[in-house]
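# Breakdown of the fold
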Amino acid sequence: MTVPRSQLVDVNVTRYYHCISRCVRRAHLCGDGFEHRRQWIEDRLEMLAGCFAVSVCGFAVMDNHLHVLLRLDVEDASSWSAEKILRRWSVAYPPKTPIGKKIKITQAWLDEHVKDEKRIELLRGRLVCLGWFMKALKEPLARMANKEDDCKGTFWESRYKSIAILDDEALLTTCAYIDLNPVAAGIAATPETSRHTSIRRRVRHVKAQGKLSVLKAAEAGSVPGSRAAGNVEEKLWLCPLEDRRRQGSSREGMLEGFSLGSYLVLVDYTSRLRRQGKARVSRKLASILDRLGSNSDTWSQRIDRLFAKPRLFGSYFCTDRSRLQELARKRGVHHLDNLASSPG
(Lines give C-alpha, C1' and ligand atoms only; values in the text may rest on other atoms or scores of the structure.)
Protein backbone atom coordinates (compact mmCIF):
# COMPACT_ATOMS: atom_id res chain seq x y z
CA MET A 1 0.00 0.00 0.00
CA THR A 2 1.28 3.47 -0.88
CA VAL A 3 2.32 5.46 2.19
CA PRO A 4 1.87 9.24 2.21
CA ARG A 5 5.16 11.11 1.83
CA SER A 6 4.40 13.08 4.99
CA GLN A 7 4.64 9.83 6.98
CA LEU A 8 7.86 8.73 5.28
CA VAL A 9 9.90 11.93 5.57
CA ASP A 10 10.64 12.93 9.15
CA VAL A 11 13.89 14.71 10.01
CA ASN A 12 13.44 13.67 13.64
CA VAL A 13 13.92 10.07 12.47
CA THR A 14 16.58 10.63 9.80
CA ARG A 15 17.83 13.39 7.52
CA TYR A 16 18.97 10.98 4.78
CA TYR A 17 16.71 9.75 1.94
CA HIS A 18 17.46 7.64 -1.13
CA CYS A 19 15.18 8.81 -3.93
CA ILE A 20 14.54 6.88 -7.14
CA SER A 21 12.67 8.30 -10.10
CA ARG A 22 11.96 6.41 -13.32
CA CYS A 23 11.11 7.49 -16.83
CA VAL A 24 7.64 6.53 -18.05
CA ARG A 25 7.27 3.00 -19.40
CA ARG A 26 10.92 2.44 -18.33
CA ALA A 27 11.83 3.93 -21.70
CA HIS A 28 15.45 4.85 -22.32
CA LEU A 29 14.64 8.55 -22.46
CA CYS A 30 18.18 9.41 -21.30
CA GLY A 31 19.89 6.84 -23.52
CA ASP A 32 19.91 5.64 -27.15
CA GLY A 33 21.12 8.93 -28.60
CA PHE A 34 19.92 11.10 -25.71
CA GLU A 35 22.86 10.59 -23.36
CA HIS A 36 23.30 14.38 -23.17
CA ARG A 37 20.17 14.50 -21.01
CA ARG A 38 22.14 12.81 -18.25
CA GLN A 39 24.37 15.86 -18.14
CA TRP A 40 21.27 18.05 -17.92
CA ILE A 41 20.27 16.17 -14.77
CA GLU A 42 23.75 16.31 -13.26
CA ASP A 43 24.02 20.06 -13.92
CA ARG A 44 20.57 20.63 -12.43
CA LEU A 45 21.53 18.68 -9.30
CA GLU A 46 24.62 20.86 -8.85
CA MET A 47 22.60 24.03 -9.26
CA LEU A 48 19.90 22.98 -6.81
CA ALA A 49 22.50 21.93 -4.23
CA GLY A 50 23.50 25.59 -4.13
CA CYS A 51 19.91 26.77 -3.64
CA PHE A 52 18.19 24.35 -1.29
CA ALA A 53 19.07 23.39 2.27
CA VAL A 54 19.39 19.89 0.85
CA SER A 55 22.79 18.24 0.42
CA VAL A 56 23.36 15.88 -2.50
CA CYS A 57 25.30 12.95 -1.04
CA GLY A 58 25.25 10.63 -4.04
CA PHE A 59 23.71 10.18 -7.47
CA ALA A 60 23.68 7.99 -10.54
CA VAL A 61 21.89 8.95 -13.76
CA MET A 62 20.94 5.86 -15.75
CA ASP A 63 19.24 5.47 -19.14
CA ASN A 64 15.75 5.18 -17.72
CA HIS A 65 15.97 6.11 -14.05
CA LEU A 66 17.71 8.31 -11.52
CA HIS A 67 19.15 7.57 -8.07
CA VAL A 68 19.92 10.42 -5.69
CA LEU A 69 20.84 10.36 -2.00
CA LEU A 70 19.78 13.53 -0.21
CA ARG A 71 20.21 15.01 3.27
CA LEU A 72 17.78 17.59 4.66
CA ASP A 73 19.71 20.37 6.44
CA VAL A 74 16.97 22.01 8.50
CA GLU A 75 19.33 23.99 10.73
CA ASP A 76 20.94 25.64 7.71
CA ALA A 77 17.59 26.84 6.40
CA SER A 78 16.55 28.19 9.80
CA SER A 79 19.65 30.40 9.92
CA TRP A 80 19.16 32.04 6.52
CA SER A 81 18.07 35.67 6.32
CA ALA A 82 14.95 36.69 4.43
CA GLU A 83 17.07 38.09 1.60
CA LYS A 84 19.10 34.89 1.34
CA ILE A 85 15.88 32.89 1.15
CA LEU A 86 14.64 35.06 -1.72
CA ARG A 87 17.92 34.92 -3.62
CA ARG A 88 18.16 31.13 -3.36
CA TRP A 89 14.53 30.56 -4.33
CA SER A 90 14.88 32.93 -7.29
CA VAL A 91 17.74 30.84 -8.70
CA ALA A 92 15.68 27.65 -8.57
CA TYR A 93 12.47 29.40 -9.64
CA PRO A 94 13.24 32.70 -11.44
CA PRO A 95 10.35 35.16 -10.86
CA LYS A 96 8.29 36.16 -13.87
CA THR A 97 5.65 38.70 -14.79
CA PRO A 98 2.04 37.58 -15.47
CA ILE A 99 2.92 37.35 -19.17
CA GLY A 100 5.94 35.12 -18.55
CA LYS A 101 8.75 37.66 -18.80
CA LYS A 102 11.65 37.11 -16.38
CA ILE A 103 12.02 39.68 -13.64
CA LYS A 104 15.49 41.05 -12.97
CA ILE A 105 16.55 40.51 -9.36
CA THR A 106 17.57 43.92 -8.01
CA GLN A 107 18.14 45.14 -4.48
CA ALA A 108 14.96 47.19 -4.76
CA TRP A 109 13.00 44.06 -5.72
CA LEU A 110 14.51 42.16 -2.80
CA ASP A 111 13.82 44.99 -0.33
CA GLU A 112 10.18 45.01 -1.39
CA HIS A 113 9.62 41.26 -1.15
CA VAL A 114 11.43 40.61 2.15
CA LYS A 115 8.57 42.48 3.82
CA ASP A 116 6.23 39.56 3.13
CA GLU A 117 7.13 37.50 6.21
CA LYS A 118 4.49 34.85 5.55
CA ARG A 119 5.87 34.26 2.05
CA ILE A 120 9.43 34.12 3.35
CA GLU A 121 8.59 31.39 5.88
CA LEU A 122 6.72 29.45 3.20
CA LEU A 123 9.80 29.53 0.97
CA ARG A 124 12.07 28.64 3.89
CA GLY A 125 10.05 25.47 4.37
CA ARG A 126 10.13 24.64 0.68
CA LEU A 127 13.92 25.04 0.51
CA VAL A 128 14.37 22.18 2.99
CA CYS A 129 11.56 20.02 1.62
CA LEU A 130 12.38 16.74 -0.13
CA GLY A 131 9.29 16.98 -2.33
CA TRP A 132 10.06 20.49 -3.52
CA PHE A 133 13.67 19.54 -4.27
CA MET A 134 12.56 16.61 -6.44
CA LYS A 135 9.93 18.78 -8.13
CA ALA A 136 12.54 21.46 -8.87
CA LEU A 137 14.84 18.78 -10.27
CA LYS A 138 12.41 16.88 -12.47
CA GLU A 139 9.90 19.35 -13.91
CA PRO A 140 12.34 21.59 -15.87
CA LEU A 141 14.12 18.53 -17.29
CA ALA A 142 10.83 17.04 -18.47
CA ARG A 143 9.98 20.29 -20.27
CA MET A 144 13.42 20.40 -21.91
CA ALA A 145 13.12 16.80 -23.10
CA ASN A 146 9.61 17.31 -24.47
CA LYS A 147 10.73 20.44 -26.30
CA GLU A 148 13.65 18.52 -27.83
CA ASP A 149 11.30 15.68 -28.85
CA ASP A 150 8.65 18.17 -30.05
CA CYS A 151 6.00 16.37 -28.04
CA LYS A 152 3.81 16.63 -24.98
CA GLY A 153 3.18 14.23 -22.15
CA THR A 154 4.79 12.74 -19.10
CA PHE A 155 8.54 12.18 -18.95
CA TRP A 156 8.85 10.88 -15.38
CA GLU A 157 6.63 8.43 -13.56
CA SER A 158 4.32 10.47 -11.35
CA ARG A 159 5.61 9.29 -7.96
CA TYR A 160 9.25 8.92 -7.01
CA LYS A 161 10.32 6.43 -4.35
CA SER A 162 11.98 7.63 -1.16
CA ILE A 163 13.75 5.31 1.28
CA ALA A 164 14.64 6.57 4.75
CA ILE A 165 18.23 5.64 5.68
CA LEU A 166 18.38 4.91 9.40
CA ASP A 167 22.01 4.11 10.31
CA ASP A 168 25.61 4.63 9.20
CA GLU A 169 26.12 1.20 7.63
CA ALA A 170 22.88 1.54 5.67
CA LEU A 171 24.05 5.00 4.58
CA LEU A 172 27.39 3.67 3.33
CA THR A 173 25.72 0.69 1.64
CA THR A 174 23.34 3.06 -0.15
CA CYS A 175 26.24 5.24 -1.33
CA ALA A 176 28.04 2.19 -2.77
CA TYR A 177 24.85 0.80 -4.31
CA ILE A 178 24.14 4.09 -6.09
CA ASP A 179 27.71 4.57 -7.33
CA LEU A 180 27.90 0.98 -8.61
CA ASN A 181 24.68 1.04 -10.63
CA PRO A 182 26.47 1.54 -13.99
CA VAL A 183 28.95 -1.25 -13.16
CA ALA A 184 26.15 -3.63 -12.21
CA ALA A 185 24.29 -2.71 -15.42
CA GLY A 186 27.38 -3.50 -17.49
CA ILE A 187 27.74 -0.02 -18.96
CA ALA A 188 30.94 0.84 -17.06
CA ALA A 189 34.00 -1.28 -16.34
CA THR A 190 35.03 0.42 -13.11
CA PRO A 191 33.36 2.80 -10.62
CA GLU A 192 35.64 5.75 -11.39
CA THR A 193 34.81 5.53 -15.13
CA SER A 194 31.04 5.44 -14.50
CA ARG A 195 29.83 8.63 -16.12
CA HIS A 196 27.22 10.74 -14.34
CA THR A 197 27.82 9.27 -10.91
CA SER A 198 28.85 10.88 -7.64
CA ILE A 199 31.96 8.70 -7.30
CA ARG A 200 33.29 9.90 -10.64
CA ARG A 201 32.66 13.53 -9.65
CA ARG A 202 34.51 13.00 -6.37
CA VAL A 203 37.52 11.40 -8.06
CA ARG A 204 37.65 14.05 -10.80
CA HIS A 205 37.48 16.82 -8.19
CA VAL A 206 40.44 15.36 -6.29
CA LYS A 207 42.34 14.78 -9.53
CA ALA A 208 41.81 18.40 -10.60
CA GLN A 209 43.59 19.44 -7.40
CA GLY A 210 46.48 17.09 -8.18
CA LYS A 211 45.82 15.16 -4.96
CA LEU A 212 44.94 11.67 -6.11
CA SER A 213 48.01 10.35 -4.31
CA VAL A 214 46.65 11.38 -0.92
CA LEU A 215 43.74 8.96 -1.31
CA LYS A 216 46.17 6.06 -1.37
CA ALA A 217 46.98 6.80 2.25
CA ALA A 218 43.77 4.92 3.06
CA GLU A 219 45.80 1.76 2.57
CA ALA A 220 47.69 2.60 5.75
CA GLY A 221 44.49 2.84 7.79
CA SER A 222 41.65 5.22 8.50
CA VAL A 223 43.54 7.74 10.65
CA PRO A 224 46.48 8.25 8.22
CA GLY A 225 44.00 8.31 5.34
CA SER A 226 41.91 10.99 6.98
CA ARG A 227 44.95 13.10 7.84
CA ALA A 228 46.37 12.87 4.33
CA ALA A 229 43.10 13.64 2.57
CA GLY A 230 42.40 16.67 4.74
CA ASN A 231 39.62 18.90 3.42
CA VAL A 232 40.03 17.64 -0.13
CA GLU A 233 36.26 17.77 -0.72
CA GLU A 234 35.69 21.11 1.00
CA LYS A 235 34.89 22.97 -2.25
CA LEU A 236 33.04 20.18 -4.04
CA TRP A 237 29.32 20.79 -4.54
CA LEU A 238 28.56 17.25 -3.37
CA CYS A 239 28.30 16.65 0.37
CA PRO A 240 31.77 15.61 1.63
CA LEU A 241 31.98 11.94 2.48
CA GLU A 242 33.96 12.54 5.66
CA ASP A 243 32.62 14.84 8.35
CA ARG A 244 35.69 16.89 9.39
CA ARG A 245 34.05 19.65 11.43
CA ARG A 246 36.10 18.65 14.48
CA GLN A 247 39.21 19.26 12.35
CA GLY A 248 38.03 22.76 11.48
CA SER A 249 36.00 22.16 8.33
CA SER A 250 33.14 24.59 7.73
CA ARG A 251 31.02 21.91 6.03
CA GLU A 252 29.16 18.98 7.50
CA GLY A 253 30.15 15.68 5.95
CA MET A 254 28.40 12.32 6.06
CA LEU A 255 30.53 10.03 8.25
CA GLU A 256 33.00 11.15 10.89
CA GLY A 257 36.36 9.40 10.68
CA PHE A 258 35.62 7.71 7.35
CA SER A 259 37.77 9.19 4.61
CA LEU A 260 37.09 9.33 0.88
CA GLY A 261 40.10 7.06 0.40
CA SER A 262 38.55 4.39 2.62
CA TYR A 263 35.31 4.67 0.69
CA LEU A 264 37.11 4.16 -2.63
CA VAL A 265 38.78 1.02 -1.23
CA LEU A 266 35.38 -0.33 -0.19
CA VAL A 267 33.71 0.51 -3.51
CA ASP A 268 36.57 -0.99 -5.50
CA TYR A 269 36.23 -4.25 -3.56
CA THR A 270 32.44 -4.23 -4.03
CA SER A 271 32.75 -3.58 -7.77
CA ARG A 272 34.96 -6.66 -8.09
CA LEU A 273 32.25 -8.69 -6.40
CA ARG A 274 29.77 -7.46 -9.00
CA ARG A 275 32.07 -8.14 -11.96
CA GLN A 276 33.82 -11.33 -10.86
CA GLY A 277 31.60 -12.84 -8.18
CA LYS A 278 34.48 -12.84 -5.71
CA ALA A 279 37.27 -10.58 -4.55
CA ARG A 280 40.22 -10.71 -2.19
CA VAL A 281 39.61 -9.32 1.28
CA SER A 282 42.72 -7.28 2.00
CA ARG A 283 43.87 -6.24 5.44
CA LYS A 284 42.87 -2.63 4.79
CA LEU A 285 39.35 -3.68 3.73
CA ALA A 286 38.93 -5.94 6.75
CA SER A 287 39.83 -2.98 8.95
CA ILE A 288 37.23 -0.77 7.25
CA LEU A 289 34.47 -3.36 7.63
CA ASP A 290 35.46 -4.03 11.22
CA ARG A 291 35.03 -0.35 12.09
CA LEU A 292 31.54 -0.53 10.59
CA GLY A 293 30.74 -3.49 12.79
CA SER A 294 30.43 -5.65 9.70
CA ASN A 295 32.45 -8.24 7.78
CA SER A 296 33.00 -9.21 4.15
CA ASP A 297 30.27 -11.89 4.12
CA THR A 298 27.61 -9.62 5.61
CA TRP A 299 28.57 -6.75 3.32
CA SER A 300 28.53 -9.00 0.22
CA GLN A 301 25.15 -10.51 1.10
CA ARG A 302 23.59 -7.11 1.65
CA ILE A 303 24.92 -5.70 -1.62
CA ASP A 304 23.81 -8.83 -3.50
CA ARG A 305 20.30 -8.51 -2.09
CA LEU A 306 20.03 -4.93 -3.28
CA PHE A 307 21.23 -5.64 -6.81
CA ALA A 308 19.14 -8.82 -7.06
CA LYS A 309 15.95 -6.75 -6.94
CA PRO A 310 14.56 -5.28 -10.21
CA ARG A 311 13.03 -2.62 -7.97
CA LEU A 312 13.77 -1.69 -4.39
CA PHE A 313 10.79 -2.49 -2.18
CA GLY A 314 10.60 -0.94 1.27
CA SER A 315 10.42 2.55 2.71
CA TYR A 316 13.25 2.17 5.25
CA PHE A 317 16.80 0.86 5.14
CA CYS A 318 18.32 -0.16 8.45
CA THR A 319 21.04 -2.69 9.31
CA ASP A 320 20.18 -2.62 13.03
CA ARG A 321 17.01 -4.57 13.81
CA SER A 322 16.61 -2.97 17.24
CA ARG A 323 16.63 0.51 15.69
CA LEU A 324 13.85 -0.50 13.29
CA GLN A 325 11.80 -2.15 16.04
CA GLU A 326 12.12 0.93 18.22
CA LEU A 327 10.88 3.15 15.38
CA ALA A 328 7.96 0.78 14.70
CA ARG A 329 6.90 1.02 18.36
CA LYS A 330 7.01 4.81 18.22
CA ARG A 331 4.88 4.74 15.07
CA GLY A 332 2.41 2.38 16.71
CA VAL A 333 2.77 -0.34 14.08
CA HIS A 334 3.79 -3.99 14.24
CA HIS A 335 6.72 -3.62 11.85
CA LEU A 336 8.23 -1.38 9.20
CA ASP A 337 9.13 -2.54 5.68
CA ASN A 338 12.92 -2.73 5.74
CA LEU A 339 14.59 -2.49 2.33
CA ALA A 340 17.10 -5.26 3.10
CA SER A 341 16.90 -7.08 6.38
CA SER A 342 20.18 -7.63 8.14
CA PRO A 343 21.74 -10.99 7.28
CA GLY A 344 23.43 -11.00 10.64
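Now for a description of the structure that goes with this document.

Rules and cut-offs
- Residues numbered from 1 in each chain as written.
- Predicted model: local features only at pLDDT ≥ 70, side-chain atom pairs only at ≥ 80, totals over all residues.
- Heavy atoms only, no water.
- Buried < 20%, exposed > 50% of the residue type's maximum accessible area, 1.4 Å probe, protein only.
- Helix = DSSP H or I, 4+ residues; strand = E, 2+ residues; numbered from the N terminus.
- Pairing = 2+ DSSP bridges.
- Axes fitted to C-alpha atoms, helices over the stretch in contact; angles between N-to-C directions.
- Parallel < 35°, antiparallel > 145°, perpendicular 65-115°, else oblique.
- Left-handed = near helix turned anticlockwise from the far one by under 90°.
- Contact = heavy atoms within 4.5 Å.
- Nonpolar A, V, L, I, M, F, W, Y, C, P; charged D, E, K, R; others polar.
- Arc of directions from axis to C-beta.
- 1 Å grid on protein atoms, 1.4 Å probe; cavity = no way out; pocket = protein on both sides within 12 Å on 5 of 7 lines; lining within 4 Å.
- Points joined across faces, edges and corners; volume = space filled by probe spheres on them.

Before going further, it helps to examine the pairing of strand 2 (residues 54-61). Of all eight residues making up strand 2, eight are buried, and the element is well covered by its neighbours. In the sheet, strand 2 pairs with strand 3 (residues 65-72) via seven bridges, with the strands oriented antiparallel. Paired with Ala60 across the bridge in strand 3 is His67. Hairpin connection, strand 2 to strand 3: the antiparallel pair is bridged by three residues.

With their axes 11 Å apart at the nearest point, helix 13 (residues 260-276) and helix 15 (residues 296-308) run at an angle of 60° to one another. In terms of their interaxial angle, helix 13 and helix 15 are classed as oblique. Here the hand of the crossing between helix 13 and helix 15 comes out right-handed. Of helix 15, the residues touching helix 13 (which contributes Leu266, Tyr269, Thr270, Leu273 and Arg274) are Ser296, Trp299, Ser300, Ile303, Asp304 and Phe307. Taken together, the residues of the contact of helix 13 with helix 15 break down into six nonpolar, three polar and two charged.

With that out of the way, let us pick up the sheet that holds strand 4 (residues 161-165). The sheet built from five strands is open, its strands ordered 2-3-1-4-7 with mixed pairing. Each end of this open sheet is capped by a strand with a single partner; those strands are strand 2 and strand 7 (316-317). Docked against the sheet, helix 7 (residues 130-149) engages strand 1 (16-22), strand 2, strand 3 and strand 4, running at close to 140° with respect to strand 3.

The next subject is the packing of helix 13 against helix 14 (residues 283-291). At a closest axis distance of 10 Å, the pairing of helix 13 and helix 14 adopts a crossing angle of 105°. Relative to helix 14, helix 13 is oriented roughly perpendicular. Between helix 13 and helix 14, the contacting residues are Ser262, Val265, Leu266 and Tyr269 on the first element and Lys284, Leu285, Ile288, Leu289 and Arg291 on the second. Across the contact of helix 13 with helix 14, the residue classes tally to six nonpolar, one polar and two charged.

Listed in full, the buried residues belonging to helix 14 are Leu285, Ile288 and Leu289. Looking straight down helix 14, one finds its buried side chains confined to an arc of 95°; they lie on one side. Along helix 14, the residues that are exposed and aim more than 90 degrees away from the buried face are Arg283 and Asp290. Contacts from the buried residues of helix 14 go to helix 13 and helix 15. Remark: Gly293 follows helix 14 within two positions and exhibits a positive phi of approximately 75°.

It is worth spelling out empty space enclosed by the protein at this point. As enumerated under the stated definition, the model contains two cavities of 30 Å³ or more in all. Roughly 40 Å³ of internal volume is contained in the second largest cavity. In this structure, the second largest cavity is lined by Cys30, Arg37, Trp40, Ile41, Leu141, Ala145, Phe155 and Trp156. Secondary structure elements with two or more residues in the lining of the second largest cavity: helix 2 (36-49) and helix 7. When residues of the lining of the second largest cavity are assigned to their parent elements, the largest contribution, three residues, is made by helix 2. The class makeup of the residues in the lining of the second largest cavity is seven nonpolar, no polar and one charged.

This next bit is on the pairing of strand 3. Counting buried positions along strand 3 yields eight of eight residues, so the element is predominantly enclosed. Of the two faces of strand 3, both are covered, the one formed by His65, His67, Leu69 and Arg71 as well as the one formed by Leu66, Val68, Leu70 and Leu72.

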